[in-house]
Amino acid sequence: KEMVGSARRMSNCDSANMDRSIEASMKHIEAIKKIQNTKGLASLPDNLREAAELRIEHPDISIAALGELCNPPLKKSGINKRLMKIEEIASKL
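Residues numbered from 1 in each chain as written. Predicted model: local features only at pLDDT ≥ 70, side-chain atom pairs only at ≥ 80, totals over all residues. Heavy atoms only, no water.

Visitor: Sorry, what's going on with the pattern of salt bridges here?
Guide: Side chains bearing opposite charge may pair, as long as their charged atoms lie close to each other. Inspection of the entire model under this criterion finds five salt bridges. The salt bridge involving Glu87 is made with Lys27; its shortest N-O contact spans 3.7 Å. Linking Glu87 in helix H4 (residues 76–91) with Lys27 in helix H1 (residues 2–38), this pair joins segments that are 60 residues apart in sequence. Overall, the relative accessible area of 19% leaves Glu87 in the buried class. By relative accessible area, which is 51% here, Lys27 ends up exposed. Its salt-bridge partner being Lys92, residue Glu88 comes within 3.5 Å of it at the nearest N-O pair. Note on Glu88: relative accessible area 35%, which makes it partly exposed. Through salt bridges that share partners, Lys85, Glu88 and Lys92 make up one connected network. (Salt bridge = Lys/Arg side-chain N within 4 Å of Asp/Glu carboxyl O. Helix = DSSP H or I, 4+ residues; strand = E, 2+ residues; numbered from the N terminus. Buried < 20%, exposed > 50% of the residue type's maximum accessible area, 1.4 Å probe, protein only.)

The structure is reproduced here in structure tokens:
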């Protein structure tokens, strides 16, 4: 009984994490498309444009995995800061 409960809790936690990841990805993509449709991605600094293009190309991967695709690779916090800056820019449009 204890083992089943533990497995269920782990499954629920994984499911919640996946839901949060998908929600964040959709929020990033929405912000990127807003910039793309108004000013264009070319208006972004190179580092933010790279993050935006990678997020559009890979909507289903985690932020950490997205950071590994950057050149040079970034840690989760680095790519997250770039994506947050993109959201900030989009909110001002």
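Visitor: Please clarify how helix H2 (residues 46–57) should be interpreted in this entry.
Guide: Structural remark: α-helix, 3.6 residues per turn; residues separated by three or four positions point the same way. Taking 1.5 Å as the rise per residue, H2 with twelve residues should run 16 Å; its terminal C-alpha atoms sit 16 Å apart, in good agreement. All of the buried residues along H2 are Leu48, Ala51, Ala52, Leu54 and Arg55. Buried residues of H2, viewed axially, fall in a sector of 165 degrees; they line one side. With respect to the buried face of H2, the exposed residues turned more than 90 degrees away are Asp46 and Glu57. The inward-facing, buried residues of H2 abut H1, helix H3 (63–69) and H4. (Expected span 1.5 Å × (residues − 1). Arc of directions from axis to C-beta. Contact = heavy atoms within 4.5 Å.)

Visitor: I would appreciate a short explanation of a nonpolar patch on the surface in the present structure.
Guide: A cluster of nonpolar side chains, Met18, Ile22 and Met26, forms an exposed patch at the surface whose accessible area comes to about 310 Å². Its place among the elements puts Met26 in helix H1. (Patch = residues over 30% accessible without salt bridge, like charges linked within 9 Å, V, L, I, M, F, W, Y side chains within 5 Å. Areas by Shrake-Rupley, 256 points an atom, 1.4 Å probe, with all protein chains shown as cover.)

Visitor: Please explain the side chain of His28 as it appears in this structure.
Guide: By the secondary structure assignment, His28 is in helix H1. Among residues more than four places away in sequence, those in contact with His28 are Arg55, Ile63, Leu83 and Glu87.

Visitor: Can you help me understand the nonpolar core in this one?
Guide: As a rule of thumb, soluble globular proteins bury nonpolar side chains together. Among the nonpolar cores identified, the biggest contains 17 residues, and Ile35, Leu41, Leu44, Ala52, Ile79, Leu83 and Ile86 are the most heavily contacted of them. Of all the secondary-structure elements, those providing two or more residues to this core are H1, H2, H3 and H4. (Core = buried A, V, L, I, M, F, W, Y, C linked by side-chain atoms within 4.5 Å.)

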